[in-house]
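# Chain and residue survey
Next come the chains, spelled out residue by residue.
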Amino acid sequence: MAYEIVVLTNMAISILFALSLNVITGFCGQVSLGHAAFLGIGAYTSAILSKAGVPLVVTFIPAMGMAALVGLVVGVASLRVRHDFLAITTMGVVFLFTGIVRKQDILGGEIGIAGIPAPEFGRIGLLVTALLCVLAYLLFVIRIRKSWAGFAFDSIAEDEDTARLLGIHVPRFKLFAFLVGTAGAGLAGALYAHQIRFIGPDSFGFVESISVLAMVIIGGIGSIWGVILSAALLSALPQFFQIIDDFKLLVYGLLLFGAMRFAPDGIDGLLKRLFRRAGGTR
Amino acid sequence: MLLIDLCIQGLIQGAIYALIALGLTLVYGLLRILHVAHAALFTLGGYVGVVVTNGSGSFLLALLTAMLIVGCVGMASYRVIYKPLLMRPPLIALIASIGVFIASEELFRLVFGAYGLSYTNPPLKGQVEILPGISLSHARILVVVLAVGLLSGMGWLAVHTRIGIAARATVVDPAMAASSGVNVETIRYASFFIGSAFAGAAGVMVSLLNNLVEPTMGAVPSYKALAIIVLGGLGSVRGALVASLALGVIEAFGTIYVGHILDRDSIAFAFLIMILMVRPQGLLARG
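These numbers were taken from a predicted model, which means no experiment stands behind them. (Residues numbered from 1 in each chain as written. Chains lettered and ligands numbered in written order. Predicted model: local features only at pLDDT ≥ 70, side-chain atom pairs only at ≥ 80, totals over all residues.)

## What to know about the overall build of chain A
- Along chain A, the regular secondary structure elements total 12 helices and 0 strands.
- From first element to last, N terminus to C terminus, chain A shows the α and β order α-α-α-α-α-α-α-α-α-α-α-α.
- Relative to its length of 282 residues, chain A is compact, with a C-alpha radius of gyration of 19 Å against a globular reference of 19 Å.
- Taking all 282 residues of chain A together, the buried fraction comes to 53%. (Helix = DSSP H or I, 4+ residues; strand = E, 2+ residues; numbered from the N terminus. Rg over C-alpha atoms; globule rule 2.2 N^0.38 Å. Buried ≥ 20, exposed ≤ 12 C-beta atoms within 10 Å, placed from the backbone.)

## Description of the overall build of chain B
- Of the regular secondary structure elements, chain B holds 11 helices and 2 strands.
- Secondary structure elements of chain B, listed N to C terminal, follow the sequence α-α-α-α-β-β-α-α-α-α-α-α-α.
- For chain B, the C-alpha radius of gyration of 19 Å lies close to 19 Å, the compact-globule estimate for 287 residues.
- If you line up chain B on its principal axes, its C-alpha atoms span 60 × 45 × 35 Å.
- In chain B, which comprises 287 residues, the proportion classed as buried is 51%.
- Taking the contacts inside chain B whose residues are at least 6 apart along the sequence as the reference set, 76% of them involve residues at least 24 apart. (Contact = placed C-beta atoms within 7 Å.)

## A word on the interface of chain A and chain B
- Contact residues are listed per partner, giving 33 residues for chain A and 34 residues for chain B.
- Elements represented by at least two residues in the side of chain A that touches chain B include exactly helix H3 (56-80), helix H4 (83-103), helix H9 (206-219) and helix H11 (248-262) of chain A.
- Among the elements that make up the side of chain A that touches chain B, the one with the highest residue count is H4 of chain A (13 residues).
- Among the residues making up the side of chain A that touches chain B, the classes are represented as 24 nonpolar, 4 polar and 5 charged. (Nonpolar A, V, L, I, M, F, W, Y, C, P; charged D, E, K, R; others polar.)

## Concerning unusual backbone geometry
All names here are of chain B.
- In this structure, Arg 32 is a non-glycine residue whose phi angle is positive, near 60°.
- One can find Arg 32 in the loop between helix H1 (2-31) and helix H2 (38-56).
- Classification of Arg 32 by C-beta neighbours within 10 Å gives partly exposed; the count is 14.
- Phi is positive for Asn 211, which is not a glycine, with a value near 50°.
- Among the structural elements, Asn 211 can be located in the loop between helix H8 (184-210) and helix H9 (219-231).
- Judged by local crowding, Asn 211 falls into the partly exposed class, with 14 C-beta atoms found within 10 Å.

## Details of the pairing of strand S2 (residues 134-137) of chain B
All names here are of chain B.
- Here strand S1 (residues 127-131) runs beside S2; their pairing, made up of 4 bridges, is antiparallel. Within S2, the position partnered with Glu 129 by the bridge is Ser 135.
- Count of turn residues in the S1/S2 antiparallel hairpin: 2 residues, of which Gly 133 carries a positive phi of about 90°. (Pairing = 2+ DSSP bridges.)

## Side note on the packing of H9 of chain B against helix H11 (residues 264-278) of chain B
Residues and elements named next belong to chain B.
- Between H9 and H11, the shortest axis-to-axis distance is 10 Å and the interhelical angle comes to 20°. Relative to H11, H9 is oriented roughly parallel. Both H9 and H11 take part in a crossing whose hand is left-handed. Residues Val 220, Lys 224, Ala 227, Val 230 and Leu 231 of H9 form the contact with H11, whose participating residues are Asp 265, Ala 268, Phe 269, Leu 272 and Ile 275.
- Among the residues forming the contact of H9 with H11, the class breakdown is 8 nonpolar, no polar and 2 charged. (Axes fitted to C-alpha atoms, helices over the stretch in contact; angles between N-to-C directions. Parallel < 35°, antiparallel > 145°, perpendicular 65-115°, else oblique. Left-handed = near helix turned anticlockwise from the far one by under 90°.)

## Remarks on the packing of helix H1 (residues 2-27) of chain A against H9 of chain A
All names here are of chain A.
- Direction vectors running N to C along H1 and H9 enclose 75°, while the axes themselves pass 9 Å from each other. Considered as vectors, H1 and H9 are oriented roughly perpendicular to each other. In this structure, H1 contributes Ser 14, Phe 17, Ala 18, Leu 21, Asn 22, Thr 25 and Gly 26 to the contact, and H9 contributes Val 212, Leu 213, Met 215 and Val 216.
- Looking at the contact of H1 with H9, its residues break down into 7 nonpolar, 4 polar and no charged.

## Considerations on the confidence of the model for chain B
Residue and element names in this part refer to chain B.
- Considering every residue of chain B, the mean pLDDT works out to 84; 99% of them sit at 70 or more.
- Of all helices and strands in chain B, the one with the weakest mean pLDDT is S1 (73), whereas helix H3 (residues 59-82) scores best (90).
- In the model output, the complex is listed with pTM 0.84 alongside ipTM 0.79. (pLDDT = per-residue confidence, 0-100.)

## Quick look at helix H10 (residues 237-257) of chain B
Residues and elements named next belong to chain B.
- With 21 residues, H10 ought to run about 30 Å at 1.5 Å a step, and its terminal C-alpha atoms sit 30 Å apart, in line with that.
- Every buried residue of H10 is accounted for by Val 237, Gly 239, Ala 240, Leu 241, Ala 243, Ser 244, Leu 247, Gly 248, Glu 251, Ala 252 and Gly 254.
- Turning to H10, the residues buried within the fold contact H1, helix H5 (138-160), H9 and H11. (Expected span 1.5 Å × (residues − 1).)

## Some words on the nonpolar core
- Counting 190 residues, the largest nonpolar core has Leu 16 of chain A together with Leu 19, Ile 95 and Ala 201 of chain B as the members making the most contacts within it.
- Residue contributions to this core peak at 15 residues, all from H1 of chain B.
- Those residues in contact with Leu 16 of chain A that sit more than four places away from it in its chain are Cys 133, Val 134, Tyr 137, Gly 184, Leu 187 and Ala 188 of chain A. (Core = buried A, V, L, I, M, F, W, Y, C linked by C-beta atoms within 7 Å.)

## Structural notes on H11 of chain A
- For H11 of chain A, spanning 15 residues, the distance from its first C-alpha to its last is 21 Å, which sits close to the expected 21 Å at 1.5 Å a residue.
- Packing partners of the buried residues in H11 of chain A comprise H9 of chain A together with helix H4 (90-112) of chain B.

## Quick look at the environment of Pro 132 of chain B
- Here Pro 132 of chain B lies in the loop between S1 and S2.
- Sequence-wise, Pro 132 of chain B and Met 1 of chain B are 131 residues apart; in three dimensions their C-alpha atoms are separated by 9.6 Å.

## Focus: the environment of Asp 159 of chain A
Residues and elements named next belong to chain A.
- With respect to the secondary-structure elements, Asp 159 resides in the loop between helix H6 (148-158) and helix H7 (160-165).
- Note on Asp 159: 12 C-beta atoms within 10 Å, which makes it exposed.
- Along the primary structure Asp 159 and Gly 29 are separated by 130 residues, whereas in three dimensions their C-alpha atoms are 9.3 Å apart.

## Re the environment of Ile 100 of chain A
- Along the polypeptide, Ile 100 of chain A turns up in helix H4.
- Assessed through the 17 C-beta atoms surrounding it within 10 Å, Ile 100 of chain A is described here as partly exposed.
- Sequence spacing of Ile 100 of chain A and Pro 201 of chain A is 101 residues, and the spatial spacing of their C-alpha atoms is 9.1 Å.
- Ignoring any residue separated from it by four or fewer positions in sequence, one finds Ile 100 of chain A in contact with Leu 262 and Ser 266 of chain B.

Below, the structure written as structure tokens:
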């Protein structure tokens, strides 16, 4: 049973992480190739505090706060650069993050931080906490989507200049997206640190940033349910791949390529097409 | 003395970056796609270089074979990866490209083994003293000669030949070029061939300098080269060259002077972010 709980907790963390990127890239259309940096900021903040004796749930707040603070800085940068320039800038953020962490002894340097205390309420408790976090974030995100901000995000994602012309305060909504998205990643990071109980610079690199972006894109950019589904599937995938361990990354890479080649609008698009066809025959 | 030494090391590294970044910037200019899988071609070049040199004993033959094979694989990558995705948002092609890159790293590991290959009898080992107190290996000098030769050859092609002029026209306005009788597809294949062949040459040279090729050797150059073409102003060939050399030198100095707080890769990206905040369109963007 312990094994299933671990898998489920990982799944919940991945869903939270993917949902948080979905706010920035999906809703607001700002590509981020460096989202793992914010997972890392949350994880490090939470790990250090909880080693100092702060209860896990209390560390959530500074973990989200730190991630959102840095996220705000990156958001300000996103006001300056656009499209591919933004993609590469955010990629720079993740390299800067790991580069800085590697050289700081307080953050454990190359070795990372080990011996993060187990959550006081046990493995099942952590799973329940993670699920509650996902649920809270999900409700929040759905609320945003249905609000005026959701409409503003859509228009910015579609065409930034037209949005500005319509009188939408583009910088304010972009910053809001970064704030919400990076805070979510920070929360996921705090959970991650206490799930794995060991963190190092290699856990939050470029590859992790790409994996989470792949979850969002395979789910269908901007689609909440598609992203949840694909995050759950992709995070459980390595478990199924145990038998073909040697070819794991080969299959993963080809899967990414195949998904983009044959279903560029993701699970969400696939399902919609399926339903439309079913509806058409009626 | 240290200053001059660092400058020279930086420029040599910059020359390698330039060879890699050229293909990327050509592809970006034509297709508006960030071609991450380019780095896999660089790695492939390294492998072909080592295998052919060890097999035949001729380094020149290896270099030429690597450029030819990698160039052809580059054209195939356009046909298989990008051509079907041209009508999609660029993000889709980017993710597809990253997928191919991840898969190819694994493929190299499965085919050539995880520990990498090295030259049984490394060529061009001799040293030359170019300045009093500073000597360079023949291999390093060849890097510079090759980069200058290939890049100026390309520059000459772009200015003086029909296909070069057609290529530049296609970058500026594909529809207009096509309606003036330019075969845009030919230009794309040719650009992929040249850019990939140069990356293959860079791969051979890096494999010689390190006397090692390993499956992951493409990872760092691929991210760096993306930073370089962004820094230079996406699609600008001249900008990419300037940025390559600048980045090479800055890394050489940075690892000595700020190496205790930032590692080599983050120095490159810190520099990138600083420049982009001042000039969001890159150093030498086209109007």
